[in-house]
Amino acid sequence: MSDKEINSLTSQLAYTYSANRHAAHAFSVLLFTSLNGRTKQRLDAINDAGYRRWSRTEWWEEGYDRLWTESPQLPHPPSEETNMQDSPPLPAQANRENIVYLTADSSEELLELNEGETYIIGGICDHNRYKNLCLNKAIDSQIRYARLPIGRYISLATRKVLTVNQVFEILLKWIDTRNWEKAFWAVIPKRKFRSGGHGEVAKDGITEQDDDDSGHCTNTGDSSEIETLAREEACGSLEGEVRESTNLCITVVSPP
C-alpha cells in the first residue's frame, strides 16, 4: 500500500474502534493482527501511540493464525496482593472452525452472526488492485469465508468494496436489528444505491473502494480521530452492552 493508503487505513481502524466503543451491543474484543511495518509506524507516531490505550483491544504483530496455534493460557489464581480484576486480560483465542473471514470475493454469503464466533475483516486499502487476496488467505489458513449478503437485499449503482469501518458498522447494525437490509441502508452511502435501491442486482456486490467517503482511501491521514479517542479513553468507559463471546479480528493485509 502507498503511504496515502496506509494513512487511510489507520483512520479506518480508528473509526472502527469508535463505532464499537459507542455501540449499543459491542463486540467483546477488537483484535488487530499483522500490525507491523509502515502501518505500525504510522500508528505509533500519532499521539504517542495512543491506540495502545484503547479499551477492549489487542494489537498483535503476529498473524491471526495465533488465535488457534497458541496454547491456551489459564488465569493465574489471585494472591493476597492482587485480585482477578487487577490481572491483565488473557489474549484472544478461538477455534479454527469458529472463525469466518469476511471477503467480497467469496461465493458464500454470511446470513447471521453467531455467539462464540470470531469474524475477520481484511485491513487493506488497495483500490481493488489485488482481487482474491483476502479469499486466498482464508483458503490457505483453512478457515471459513463469506461475504455480506448485499446483492440479496439491495442493488448498488456500481461494484465497490466497503471500507473496514463500514463493514464493521454493518455488523453492529445487524446485531441491533437482526435485519441485513436495514443494516445496509443505515451504513452504505446512499449515492452508491441504484435509483430506488431495489431491482437489478449487482453481480458481485461490492468490489472496489470509493475515493471520497469519510474514512476511505482518499483520507489524507488526518490523525484527529485517533487523538480524540485517546482523550476520551482518559475520562470515559465503553458504552452499551458487550457481547461477551463474540470477537472481531482486523488483520492488516500485505499485498504480494
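Values in this document were obtained by computation on a predicted structure and should not be read as measured data.

**Student:** Tell me about the nonpolar core, and name the residues and values.
**Tutor:** With 64 residues, the main nonpolar core has Phe 27, Leu 67, Leu 110, Leu 148, Ile 170, Leu 171 and Leu 248 as its most contacted residues. Looking at this core element by element, the count peaks at 8 residues for helix H6 (residues 164-177).

**Student:** Before we move on, can you summarise the side chain of Asn 165 with the specific residues and values?
**Tutor:** Position of Asn 165 relative to the elements: it lies in helix H6. Within the local environment of Asn 165, its side chain forms a polar contact with the side chain of Thr 163, the two groups lying 3.1 Å apart.

**Student:** Can you explain the pairing of strand E4 (residues 118-123)? Please cite residues and give values.
**Tutor:** Look at any regular strand and the pattern is simple: side chains alternate between the two faces of the sheet. With 6 of its 6 residues buried, E4 lies for the most part within the structure. Because side chains alternate across E4, one face comprises the buried residues Thr 118, Ile 120 and Gly 122, and the other comprises Tyr 119, Ile 121 and Gly 123, equally buried. Where strand E3 (residues 99-102) and E4 come together, 4 bridges link them in parallel fashion. The partner of Val 100 across the bridge, within E4, is Tyr 119.

**Student:** Lay out the environment of Thr 16 in plain terms, naming residues and giving numbers.
**Tutor:** Among the structural elements, Thr 16 can be located in helix H1 (residues 3-21). Take Thr 16: its relative accessible area is 0%, and that puts it in the buried class. For the pair Thr 16 and Leu 30, spaced 14 residues apart in the sequence, the C-alpha separation amounts to 9.1 Å. Discounting chain neighbours no more than four positions away, the residues touching Thr 16 are Leu 30, Val 164, Asn 165, Phe 168 and Ile 250.

**Student:** Give me the lowdown on the pattern of salt bridges, citing residues and values where you can.
**Tutor:** Enumeration according to the criterion identifies 6 salt bridges in this entry. Between Asp 44 and Lys 40 there is a salt bridge, with the nearest N and O atoms lying 2.8 Å from each other. With Asp 44 and Lys 40 both in helix H2 (residues 37-44), this residue pair falls 4 residues apart, about one helical turn. Judged by relative accessible area, which is 29%, Asp 44 ranks as partly exposed. Here Arg 144 and Glu 117 are joined by a salt bridge, their closest N and O atoms 2.8 Å apart. Here Arg 144, found in strand E5 (residues 144-146), pairs with Glu 117, found in the loop between E3 and E4; they are 27 residues apart in sequence, far enough to count as distant.

**Student:** With reference to specific residues and values, describe the packing of aromatic side chains.
**Tutor:** All chains considered together, the criterion is met by 10 aromatic pairs. Ring geometry for Phe 27 versus Phe 168: centroids 5.4 Å apart, planes at 40 degrees, classification tilted. With a gap of 141 residues between them, Phe 27 in strand E1 (residues 25-33) and Phe 168 in helix H6 connect regions that are remote in the sequence. Across the pair, Phe 168 and Phe 27 agree in class, each one buried. Seen in terms of ring centroids, Tyr 153 and Phe 184 are 6.4 Å apart; in terms of plane orientation they differ by 55 degrees. Their pairing is tilted. Pair noted here: Tyr 153 is in helix H5 (residues 150-153) and Phe 184 is in helix H7 (residues 180-187), with a separation of 31 residues, a long-range link. Looking at Tyr 153, the relative accessible area reads 29%, which means it is partly exposed. Ring pairs connect the aromatic residues Tyr 17, Phe 32, Tyr 51, Trp 54 and Trp 59, which therefore count as one cluster. Between Arg 66 and the ring centre of Trp 60, over which it is positioned, the NZ or CZ distance is 4.0 Å.

**Student:** So what's going on with unusual backbone geometry? Residues and values would help.
**Tutor:** You will see that Ser 34, though not glycine, has its phi angle at about 55 degrees, which is positive. Here Ser 34 shows up in the loop between E1 and H2. One non-glycine residue, Arg 178, lies in positive phi territory at about 55 degrees. Relative to the helices and strands, Arg 178 is located in the loop between H6 and H7.

**Student:** Describe H7, with residues and values.
**Tutor:** In an α-helix there are 3.6 residues to a turn, and that puts residues three or four apart on one side. Those residues of H7 not exposed but buried are Trp 180, Ala 183, Phe 184 and Val 187. Taken end-on, H7 shows its buried residues confined to a sector of 95 degrees, consistent with a single buried face. Residues of H7 that are buried in the fold lie against H5 and H6. Its side-chain oxygen 3.0 Å from the backbone nitrogen of Glu 181, Asn 179 forms the N-cap of H7.

**Student:** Tell me about the environment of Ala 146, and please be specific about residues and values.
**Tutor:** Summarising the element assignment, Ala 146 is placed in strand E5. Given the relative accessible area of 5%, Ala 146 is considered buried. Separated by 40 residues in the primary sequence, Ala 146 and Ser 106 have C-alpha atoms spaced 5.3 Å apart. Setting aside chain neighbours within four positions, we find Ala 146 in contact with Val 100, Tyr 101, Leu 102, Thr 103, Ser 106, Glu 108, Glu 109 and Leu 110.

Definitions and limits used
Residues numbered from 1 in each chain as written. Predicted model: local features only at pLDDT ≥ 70, side-chain atom pairs only at ≥ 80, totals over all residues. Heavy atoms only, no water. Core = buried A, V, L, I, M, F, W, Y, C linked by side-chain atoms within 4.5 Å. Buried < 20%, exposed > 50% of the residue type's maximum accessible area, 1.4 Å probe, protein only. Helix = DSSP H or I, 4+ residues; strand = E, 2+ residues; numbered from the N terminus. Polar contact = N/O pair within 3.5 Å; in protein donor to acceptor, adjacent residues only side chain to side chain. Pairing = 2+ DSSP bridges. Contact = heavy atoms within 4.5 Å. Salt bridge = Lys/Arg side-chain N within 4 Å of Asp/Glu carboxyl O. Phe/Tyr/Trp six-rings, centres within 6.5 Å; stacked < 30°, edge-to-face > 60°. Lys NZ or Arg CZ within 6 Å of the ring centre and 35° of its normal. Arc of directions from axis to C-beta.

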